[in-house]
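Examination of the molecular architecture
The lines below spell out each chain.
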Amino acid sequence: MISKRFINTNSLKLFSEKEMTRVSLSQLYTLGRYLLKKKDGSDYKVFEIPTKFLYKELPIRFSQCIKGMHIGITPYAVHKLPSFRKFMLHYNNDFEKIINLPPPQNEPTDKAFMDVLRKINSFHYSNLSQINQGLRELSQAIANNDPEIVPSYLLPSGKPNMLTAASPAIQDSGDLKWLNTQKSLIQYDIKPNNVATFMNNNPTFQYAEARTNKFFDWFYSMCLGSQLLIQDHISVRDHSKSYVQKISPLNIVHNAVNDARRIASKHYK
């Protein structure tokens, strides 16, 4: 099974436990301008530092995406859906291609790494299509109460897992916070980074939905962030222009959030 192959891969586990480096659009823009001023033909030495950074950084990001798909905060077994399995296989192949390369520290090894990077970049839109199709499959699996995807406590015949559903609403005293009326809607924020909204007529499902939305917010951010690093590096090296020079950070954030919500609302209900 693909899942066993992923989880039992020592190198995947090793990289997924490392902390990724956050890079802002401002940093990419500044770096791109600096490199373009220094660029002289195809001199790989000019790009040595950012190239080595990507060589070390991308395996961390790829491995964390794969790990998150298996043991993320969503209660649904998304890693068993056909399209997400294909997506993870592509990501795993990209991961293995990079870690099997020697460090890009001379012209031949730099060329080998850039060839792999361009190949990875060429599958970007195909990967997005796989994710979108995976969301459709998840929506269908939930509608059909597929026991392979939907946890037992969310099935019609299952018993609600009230402890799981209530966990974001547990007070310091250990008492549970419940709503008094089914028409009420309230949001509890016990932990700043763990917000869940649910109704007391079906708290288990509402919490599962909130966790799934939060998972895909993270997943899209990871995928798009990695792709931006790749495309900007290729753009500067191959086309002598920074990929982020025409990007408004505020618009990027708004568009990314709106796109994620639009896709989720359309395919995941």
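Residues numbered from 1 in each chain as written. Predicted model: local features only at pLDDT ≥ 70, side-chain atom pairs only at ≥ 80, totals over all residues. Heavy atoms only, no water.

Details of the pattern of salt bridges
Following the criterion strictly, the structure yields 9 salt bridges and no others. A salt bridge links Asp-115 to Arg-118; its shortest N-O distance comes to 3.2 Å. Highlighted residues: Asp-115 and Arg-118, both in helix H6 (residues 107–122), separated by 3 residues, approximately one helical turn. Through salt bridges with shared partners, one network takes in Lys-111, Asp-115, Arg-118 and Asp-238. (Salt bridge = Lys/Arg side-chain N within 4 Å of Asp/Glu carboxyl O. Helix = DSSP H or I, 4+ residues; strand = E, 2+ residues; numbered from the N terminus.)

Side note on the packing of aromatic side chains
Across all of its chains, the model carries 11 aromatic pairs by this definition. Between Phe-87 and Phe-219 the ring centres are 5.4 Å apart and the planes differ by 65 degrees, which places this aromatic pair in the edge-to-face class. One end of the pair, Phe-87, is in helix H5 (residues 82–99); the other, Phe-219, is in helix H9 (residues 203–239), and 132 residues separate them in sequence. Across the pair, exposure class does not vary: Phe-87 and Phe-219 are buried alike. With centroids separated by 6.4 Å and ring planes inclined at 45 degrees, the aromatic side chains of Trp-218 and Phe-219 adopt a geometry described as tilted. Three or more aromatic residues joined by ring pairs form one cluster here, namely Phe-62, Phe-84, Phe-87, Tyr-91, Phe-215, Phe-216, Trp-218 and Phe-219. Just above the ring of Phe-15 sits the side chain of Lys-18; from NZ or CZ to the centre is 4.5 Å. (Phe/Tyr/Trp six-rings, centres within 6.5 Å; stacked < 30°, edge-to-face > 60°. Buried < 20%, exposed > 50% of the residue type's maximum accessible area, 1.4 Å probe, protein only. Lys NZ or Arg CZ within 6 Å of the ring centre and 35° of its normal.)

Points about the packing of H5 against H6
When two helices pack together, their arrangement is given by the angle between the helix axes and the distance between those axes. Between H5 and H6, the shortest axis-to-axis distance is 10 Å and the interhelical angle comes to 170 degrees. Taken together, the axes of H5 and H6 are roughly antiparallel relative to one another. Contact residues: Asp-94, Lys-97 and Ile-98 in H5; Phe-113, Val-116, Lys-119 and Ile-120 in H6. In terms of residue class, the contact of H5 with H6 is built from 4 nonpolar, no polar and 3 charged. (Axes fitted to C-alpha atoms, helices over the stretch in contact; angles between N-to-C directions. Parallel < 35°, antiparallel > 145°, perpendicular 65-115°, else oblique. Contact = heavy atoms within 4.5 Å. Nonpolar A, V, L, I, M, F, W, Y, C, P; charged D, E, K, R; others polar.)

Description of the environment of Ser-83
Counting through the fold element by element, Ser-83 comes out in helix H5. Here Ser-83 falls in the buried class, since its relative accessible area comes to 5%. The spatial distance from the C-alpha of Ser-83 to the C-alpha of Ile-131 is 6.8 Å, given a sequence separation of 48 residues.

Some thoughts on unusual backbone geometry
With phi around 50 degrees, Asn-145 is a residue other than glycine that occupies positive phi space. With respect to the helices, strands and loops of the structure, Asn-145 is situated in the loop between helix H7 (124–143) and helix H8 (162–166). For Asn-145, a relative accessible area of 29% gives the class partly exposed. Unlike most non-glycine residues, Ser-240 shows phi in positive territory, near 55 degrees.

A word on the nonpolar core
Ranked by size, the top nonpolar core spans 50 residues in total, and within it Tyr-76, Val-78, Phe-216 and Phe-219 carry the most contacts. Those elements giving two or more residues to this core turn out to be helix H2 (10–16), helix H3 (25–38), helix H4 (48–71), H5, H6, H7 and H9. In terms of residue count, the dominant contributor to this core is H9 (11 residues). Not counting the four nearest positions on each side in its chain, Val-78 is found in contact with Met-69, Phe-84, Leu-138, Phe-215 and Phe-216. (Core = buried A, V, L, I, M, F, W, Y, C linked by side-chain atoms within 4.5 Å.)

Focus: the confidence of the model for the chain
Taken as a whole, the chain shows an average pLDDT of 75; of its residues, 69% reach a score of 70 or greater. Long-range and interchain partners of residues 1–8, a stretch whose pLDDT sits below 50, account for 13 contacts in this model, where long-range means more than four residues apart. Under a pLDDT of 50 for its full length, residues 165–201 has, in the predicted model, 69 contacts with residues more than four places off or in other chains. (pLDDT = per-residue confidence, 0-100.)

A look at the side chain of Asp-232
The residue Asp-232 is located in helix H9 in this model. The side chain of Asp-232 sits in the buried core without any salt bridge; Lys-241 is the nearest counter-charge, 11 Å away. Those residues in contact with Asp-232 that sit more than four places away from it in its chain are Leu-28, Ser-242, Tyr-243 and Val-244. (Lys, Arg positive; Asp, Glu negative; His and termini not counted.)

Here we look at the packing of H4 against H6
At a minimum axis distance of 11 Å, the contact between H4 and H6 shows a crossing angle of 45 degrees. As far as their axial angle goes, H6 and H4 are oblique. You can see that H4 and H6 cross each other, and the crossing is left-handed. Residues Thr-51, Leu-54, Tyr-55, Leu-58 and Phe-62 of H4 lie in contact with H6, whose contacting residues are Asp-110, Phe-113, Leu-117 and Ile-120. (Left-handed = near helix turned anticlockwise from the far one by under 90°.)

Quick notes on H5
Taking 1.5 Å per residue as the helical rise, H5 with its 18 residues ought to reach 26 Å, and the 26 Å between its terminal C-alpha atoms agrees with that figure. Regarding H5, the residues found buried are Ser-83, Phe-84, Phe-87, Met-88, Tyr-91, Asn-92, Asp-94, Phe-95 and Ile-98. (Expected span 1.5 Å × (residues − 1).)

What about H6?
Taking 1.5 Å per residue as the helical rise, H6 with its 16 residues ought to reach 22 Å, and the 23 Å between its terminal C-alpha atoms agrees with that figure. Every buried residue of H6 is accounted for by Thr-109, Asp-110, Phe-113, Met-114, Val-116, Leu-117 and Ile-120. Taken down its axis, H6 places every buried residue within 160 degrees of arc, on the same side. Looking at H6, the residues exposed on the side facing more than 90 degrees away from the buried face are Glu-107, Pro-108 and Lys-111. (Arc of directions from axis to C-beta.)

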